[in-house]
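Observations on chain architecture
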Amino acid sequence: MADPAAPHRVSWHHSAVIYEVYLRSFADGSGDGVGDLAGVRARLPYLRDLGVDALWITPWYVSPMADGGYDVADYRDIDPLFGTLAEAEALIEATHSSGLKIITDIVPNHCSDKHPWFAAALAAGPGSPERARFWFRPGRGAGGELPPNDWTSMFGGPAWTRITEPDGAPGEWYLHLYAREQPDLNWDNPEVRAEFESILRFWLDRDIDGFRIDVADFLVKDPRLPDVAGWPEDAPKPWEARDGLHAIYRSWRKIIDSYPREGLLVGEMWLKPLTRLRPYLTGDELHTAFNFDYLGTPWDAARLRAVIDLTLTSIGTAGPWVLSNHDVTRHLTRYGRAGTGGGWHPDPPPPDLALGTRRARAAILLSLALPGSAYIYQGEELGLWEVEDIPDELIADPIFERTDHLVRGRDGCRVPLPWQADAAGFGFGPAGPARTAGPWLPQPPAWKSLAADAEDGDRQSMLELYRAALRLRRTRDRLDDDTLDWQDTPDGVLAFRRPGGLLCVVNISGQDIALPPHDAVLLASADLADGKLSPDTAAWLS
Ligand code: NOJ
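All figures in this text were calculated on a predicted structure; none of them were measured in a lab.

Now for the sheet that holds strand 2 (residues 54-57). Here we have eight strands laid out as an open sheet, ordered 11-10-9-5-2-1-13-12, and parallel in their pairing. Edge positions in the sheet fall to strand 11 (288-289) and strand 12 (321-322), since each of these pairs with one other strand and no more. Bridge analysis of strand 1 (residues 17-21) against strand 13 (residues 374-377) gives four bridges, and the strand direction is parallel. Bridging across to strand 13, I18 finds its partner in Y375.

Another aspect to go through is the pairing of strand 16 (residues 503-507). Along strand 16, five of the five residues are buried, which leaves the element largely enclosed by surrounding structure. Here strand 16 shows a buried face lined by L503, V505 and N507 and a second buried face lined by C504 and V506. In the sheet, strand 15 (residues 493-497) pairs with strand 16 via five bridges, with the strands oriented antiparallel. Paired with L494 across the bridge in strand 16 is V506. Counted between consecutive antiparallel strands, the loop separating strand 15 from strand 16 contains five residues, among which G500 sits at a positive phi close to 100°. Relative to strand 20 (residues 537-541), strand 16 runs antiparallel, the two sharing five bridges. When the bridges of strand 20 are listed, N507 appears paired with T537.

As a further point, take the nonpolar core. The biggest cluster of nonpolar side chains holds 143 residues, and the ones touching the most others in it are Y19, W60, W203, Y249, W252 and W540. Among the nonpolar cores identified, the runner-up in size contains 16 residues, and F155, A179, F218 and V228 belong to it.

Near the ligand lie 14 residues; those nearest to it are D67, R212, D214, H326 and D327. Taking H110, its side chain carries an N or O atom lying 2.9 Å from an oxygen atom of the ligand. Between an oxygen atom of the ligand and a side-chain N or O atom of D214, the distance comes to 2.7 Å. For the ligand, the accessible surface in isolation is 290 Å², of which the surrounding protein chains cover 98%. For the shell around the ligand, the per-class residue count stands at four nonpolar, three polar and seven charged.

Here we come to the packing of aromatic side chains. Under the defined criterion, the tally for this structure stands at 28 aromatic pairs. Seen in terms of ring centroids, W187 and F196 are 5.2 Å apart; in terms of plane orientation they differ by 40°. Their pairing is tilted. Overall, F196 belongs to the buried group, its relative accessible area being 1%. By the ring-pair criterion, three or more aromatic residues cluster together here, those being W60, Y61, Y75, W187, F196, F202, W203, Y249 and W252. Sitting above the plane of the F136 ring, R131 keeps its charged end 4.8 Å from the centroid. If you follow R206 out to its NZ or CZ, it ends over the ring of F202, 3.7 Å from the centre.

Quick notes on the rules
Residues numbered from 1 in each chain as written. Predicted model: local features only at pLDDT ≥ 70, side-chain atom pairs only at ≥ 80, totals over all residues. Heavy atoms only, no water. Pairing = 2+ DSSP bridges. Helix = DSSP H or I, 4+ residues; strand = E, 2+ residues; numbered from the N terminus. Buried < 20%, exposed > 50% of the residue type's maximum accessible area, 1.4 Å probe, protein only. Core = buried A, V, L, I, M, F, W, Y, C linked by side-chain atoms within 4.5 Å. Near = heavy atom within 4 Å. Polar contact = N/O pair within 3.5 Å; in protein donor to acceptor, adjacent residues only side chain to side chain. Areas by Shrake-Rupley, 256 points an atom, 1.4 Å probe, with all protein chains shown as cover. Nonpolar A, V, L, I, M, F, W, Y, C, P; charged D, E, K, R; others polar. Phe/Tyr/Trp six-rings, centres within 6.5 Å; stacked < 30°, edge-to-face > 60°. Lys NZ or Arg CZ within 6 Å of the ring centre and 35° of its normal.

Laid out in structure tokens, this is it:
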């Protein structure tokens with residue numbers, strides 16, 4: 001029987017702050033201009049000192065890099081661009097020795113068109129078991145020249161590509177909800193399920209602490225593959241959030257729970273509203289799923305309070321707080337667009353970076369004061385902004401080509417990090433003869449002042465704000481208690497008290513406000529003049 005006097009123990013990931021390493025752009029150890037495992041390993045002290053609890057590393061697998069590694073050709077090995085399997089094993093161990101956890105991305109919805117299974121499917125022909133691992137279908141029209149249905153790719157253009165059969169004749173079509181180099185796997189096929197269960201075990205056997213599940217809501221398709229023209233706007237699409245997902249995640253949970261290490265399954269699911277995440281978070285499936293409603297909420301007190309309340313009442317703290325990731329415009333830039341606040345903009349007006357910085361400083365104090373876990377996207381702790389003037393010829397995101405250059409895509413948030421103000425490529429890679437290429441995307445010269453070594457020790461810097469907030473969060477917060485008590489405030493102001501005594505106040509009202517009664521100011525995102533909190537400022541009080 002459980003000992004009622006034993007302290008209530010929550011899992012590490014319940015309140016963890018997890019740092020997203022977008023591998024290609026984090027740090028380059030080899031000197032070829034692309035981030036790699038050696039680069040991550042060398043920066044472990046930086047991450048430990050930042051005060052995060054865990055790293056999430058974006059796909060490190062063998063990949064032709066048609067979508068930055070989200071097109072996997074071998075799930076059990078590391079791409080030579082990033083290192084070797086032995087280096088990955090050593091990185092896992094070194095991360096643990098630094099007192100941090102490490103989770104990796106798993107990409108189950110699709111693989112690469114260079115995966116051996118896809119090559120076998122092309123060679124084997126229609127009706128074969130090899131094709132049954134994917135979604136091959138004959139085309140419509142007299143000669144099969146039209147795609148099997150009207151689905152479009154998330155990256156633009158049709159979601160189907162026609163192949164040439166082994167005999168040279170125009171043949172079947174295959175489904176790809178993303179780029180043509182990313183054929184969708186057929187999760188109705190037991191072989192696909194067994195393969196991914198084996199892949200999970202492969203990495204769990206190597207002591208990985210969990211998985212960020214790419215496109216976790218798209219794996220199961222309506223096998224009738226119906227057209228979606230005229231589909232009701234608010235009805236789930238025939239590839240989205242289908243009941244069959246539950247059995248998959250139940251089996252994954254059983255696997256991860258069978259290991260001694262306490263594992264984490266976090267789903268990437270852009271389901272709106274976030275209450276639609278709840279069925280996957282009931283205890284025997286995923287542990288959490290990113291809180292993208294929070295990410296997309298404009299910088300507006302009432303709307304932020306509403307999404308926080310919705311999160312806490314509908315899914316508890318299971319939906320971790322996240323402001324940015326490698327797929328969206330950096331939040332500093334979003335918050336710097338007067339009137340657009342959060343979310344996306346097709347033809348963005350230039351941001352006010354000073355305003356964006358001010359708001360981003362306040363936003364991280366808000367996120368880190370909320371109960372539950374939070375994610376930090378690399379570079380936000382340096383105050384990096386979205387780079388919106390990358391020359392066309394350097395853009396690598398497949399979205400750019402697939403939309404006929406209408407949408408520039410996500411490279412602007414993937415620009416390599418500046419580590420050293422005075423080094424070539426801001427120290428993204430090594431100096432000297434090892435350096436054979438500069439960073440794979442150009443860094444704005446103005447990032448000199450945002451380099452990690454330039455911010456180190458500067459009390460006013462974003463980096464020191466993050467460090468101080470993470471330090472305080474660890475020492476002061478009662479991380480096992482998820483309650484939050486809203487305080488009465490004027491319009492445009494958020495204030496809540498947390499167990500342990502932390503009082504977080506965020507002023508989005510547009511005018512100075514007096515601080516509520518308090519004993520001490522623990523931390524503030526901007527100087528407090530005469531005890532007043534100026535607009536777009538947050539403070540932690542006790
Ligand atoms: C979500 C990933 O975060 C994104 O970068 C990728 O392009 C798509 N899934 C497809 O794998």
